Amino acid sequence: AVLVGEDLSGLSFRGCRFDRCRLVGCDFTGAAFQDCVFSGCDCSNSRFAEGELFRVQWTGCKAVGADLHRAALREASLEDCQLSLANLNGARLWSVELRSCGLEGAFCSGCTVRNLALKDCRLVETNLFKTPLAGVDLTTCTLQGLVLSESLMELRGAVLDRFQAAELARRFGVIVRD
């Protein structure tokens, strides 16, 4: 299917499979997706704001500039997805796994996180302001130029490797030597 700029707001999708669909610039505001699979889709610049994504699976999808602010993602998995410049501000991420996803320049401030797993993700210039990542293992992720609060409270309790920790310590003016 190819849909460009369509208004699909408020619709419910249950048990659907979206395979290599182009859903570019579509409005899914307030839509509900349950037990759905997205494979190889392009959802760039589409709006999923305030929507419900429950037990969804995204594989090899492109969602550059997608708007998911205040959306609820529960028991969801995203693998090999490009989410650069996506807006997830205020989203609820409960039991969500992101594997090999690009979140370059994404906006993820003020998110509520429970059981979030990030594996081999690229967090480059990603805005995580006021999104607590306690218990989240970031050791396999690329962390560069993160937007964080001055106190770095977002990373309190997060799991980092020694190189990531040294890089973040520099933000406090700490000199790290080998």
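Coordinates for the structure precede this section.
One structure accompanies this document, and this report is about it. (Residues numbered from 1 in each chain as written. Predicted model: local features only at pLDDT ≥ 70, side-chain atom pairs only at ≥ 80, totals over all residues. Heavy atoms only, no water.)

Comments concerning the pairing of strand E9 (residues 72–79)
Direction of pairing for strand E7 (residues 52–54) relative to E9: parallel, over a ladder of three bridges. What sits directly across from Leu53, in E9, is Leu73. By the bridge criterion, three bridges tie strand E8 (residues 57–59) to E9 in an arrangement that is parallel. Bridged to Trp58 within E9 is Leu78. Direction of pairing for E9 relative to strand E10 (residues 92–99): parallel, over a ladder of seven bridges. Within E10, the residue paired with Leu78 across the bridge is Leu98. (Pairing = 2+ DSSP bridges. Helix = DSSP H or I, 4+ residues; strand = E, 2+ residues; numbered from the N terminus.)

Concerning the nonpolar core
If you look at the biggest cluster of nonpolar residues, it comprises 54 residues, and the most contacted ones within it are Phe33, Phe38, Trp58, Leu98 and Leu138. Counting only elements with at least two residues in this core, the list comes to E9, E10 and strand E11 (112–119). Apart from residues no more than four positions distant in its own chain, Leu98 is found in contact with Leu78, Leu83, Leu103, Leu116, Ala117, Leu118, Lys119 and Cys121. (Core = buried A, V, L, I, M, F, W, Y, C linked by side-chain atoms within 4.5 Å. Buried < 20%, exposed > 50% of the residue type's maximum accessible area, 1.4 Å probe, protein only. Contact = heavy atoms within 4.5 Å.)

A few points about the packing of aromatic side chains
For any pair of aromatic rings, geometry is given as the distance between the ring centres together with the angle between the planes. In the structure shown here, the tally under the stated rule is eleven aromatic pairs. For the ring pair Phe13 and Phe18, a centre distance of 5.8 Å and an interplane angle of 70° mean the geometry is edge-to-face. For Phe13, a relative accessible area of 16% gives the class buried. Where Phe38 meets Trp58, the ring centres are 4.9 Å apart and the plane angle is 40°; that geometry is what we call tilted. Of this pair, Phe38 sits in strand E6 (residues 37–39) while Trp58 sits in strand E8, and the two are 20 residues apart along the sequence. Accessibility expressed as a relative area gives 1% for Phe38, which makes it buried. (Phe/Tyr/Trp six-rings, centres within 6.5 Å; stacked < 30°, edge-to-face > 60°.)

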